[in-house]
Amino acid sequence: MGNTRFGPQKWGAPYRRLLLTLLWIGLLCLSPQTMSAEEGRAVTATVPHACEDGQQSSGATYRICMPTTWNNDLIVYAHGYVAPNRPIGIPEDQMALPGGLSVDQIATSLGYGFTTSGYRTNGLAIQAGMADLIDVVSIFTAQKGAPNRVLLVGVSEGGAITALALEKHPDIFAGGLAMCGPYGSFQQQITHFGDFRVLFDYFFPQLLPASAVNIPAELLDSWETSYYTNTVQPALLNPANHDNLDQLLATSGAAIDTADSSTQEKTAKDLLWYNVFATNDAKAKLGGQPFANQQTSYAGSADDTQLNQDVARFVADQAAIDAIAADYETSGHLSRPLVTLHTTGDPIVPYAQAVAYRGKTIAADNMALHEFMTVQGYGHCQFSTVDVLLAFNKLVDMVNNPPPYQPVQRIYLPMVAQ
């Protein structure tokens, strides 16, 4: 799959309101590619906003930013996954879009108040993050006044937070934009990471210690400093292992860009990172081991019979399965508008997550409140500033003009007497 992005096929009236601002910000965000560093800094410095950080009662750090002229609406930003071994705090590396402007700069340039939370915990933080973001709305209200509407925008793990919060707290959030998150099935996201690790261990045996569900402390501690670079990467790039790498990617179904062979190693590296850093933390927070593959039939290798006979098998702990079902799975039941934005070639959170959430909204007769937006291309959360602003503008339009209820049409056949 090529890494080409395709914009919307038609603009129409809903997009005109923010078109000039969108183009202005889009040009600013693209400018570092054609300007000197000094010129780029001079441009971004012209965006007027002021920010202040503080401490929440949970221990999380919050940030509030205000524009020069406030439109009385508030954007709340839900950041993505942060490694459990990193210090607690706002992840500054997740606060900017690819063009260079920070998300708070973009929000305030549109006239919105902005707030975010660093969450009280790193790693698996969906429930904690949701609670801290709800709390920061109260903090913003106490400090700046009650906003007319609160819009929640989340990326990756924050995308799951956004979808869940829209379903569970429509009294707080008027709408949401959920990007590249595991909002279709959290259990399937666990399976995606676990499957890749067990298949990696089959095609590259003895390369990683322990197993898909048990990460030794020494592996976690050395992964980013030496273990991946010195041990795993050379094996992935070794021409003698090319066939095994191809089979690993084929059997796992992990996305790559077929026009760029370097994405084979990148996909493997990123998926193994999540196995290394997320496994032990998820087990602790879910009350057990959540990955199960005892019934999985893998396909796509040179010898699927041998693969399914020899691949490592694991049984999930029921406590973890129950915790996921109770606290981490979306329902598709919406009473506020939700826009999802996903790349078709996302190797970390597969595009199937967006398709699955769409299916949930259809089953719940809520599809009119869900806008399903797609960006063609490879990469996790690889959106341009224009992609994000188009999706956000669609959300604003849906909030301003709630779509009419459109129930799913069902056909009932008459019963035939037996």
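Higher on the page you've got the structure.
Residues numbered from 1 in each chain as written. Predicted model: local features only at pLDDT ≥ 70, side-chain atom pairs only at ≥ 80, totals over all residues. Heavy atoms only, no water.

Draft legend 1. Examining the environment of T279 more closely. With respect to the secondary-structure elements, T279 resides in helix α9 (residues 262-286). Between the C-alpha atoms of T279 and N214, which are 65 residues apart in sequence, the distance is 7.2 Å. Ignoring sequence-local partners within four residues, the contact set of T279 consists of A212, V213, N214, I215 and Y274. (Helix = DSSP H or I, 4+ residues; strand = E, 2+ residues; numbered from the N terminus. Contact = heavy atoms within 4.5 Å.)

Draft legend 2. Inspection of the layout of surface pockets at higher detail. Space inside the largest pocket adds up to approximately 1100 Å³. Lining the largest pocket are 40 residues; nearest its centre among them are D93, Q94, V155, H380 and C381. Counting residues per element, the lining of the largest pocket draws most heavily on α9, which supplies 5 residues. A breakdown of the residues in the lining of the largest pocket according to their chemical character gives 27 nonpolar, 7 polar and 6 charged. In this structure, the second largest pocket occupies an estimated 290 Å³ of space. Lining the second largest pocket are 19 residues, and of these Q188, H192, S252, P350 and A352 sit closest to its centre. Looking at the lining of the second largest pocket, the elements that each hand over two or more residues are α6 (186-203), β7 (338-345) and α12 (352-363). Looking at the lining of the second largest pocket element by element, the count peaks at 5 residues for α6. Taken together, the residues that form the lining of the second largest pocket break down as 8 nonpolar, 9 polar and 2 charged. (1 Å grid on protein atoms, 1.4 Å probe; cavity = no way out; pocket = protein on both sides within 12 Å on 5 of 7 lines; lining within 4 Å. Points joined across faces, edges and corners; volume = space filled by probe spheres on them. Nonpolar A, V, L, I, M, F, W, Y, C, P; charged D, E, K, R; others polar.)

Scope: geometric values only; no functional claims are made or implied.
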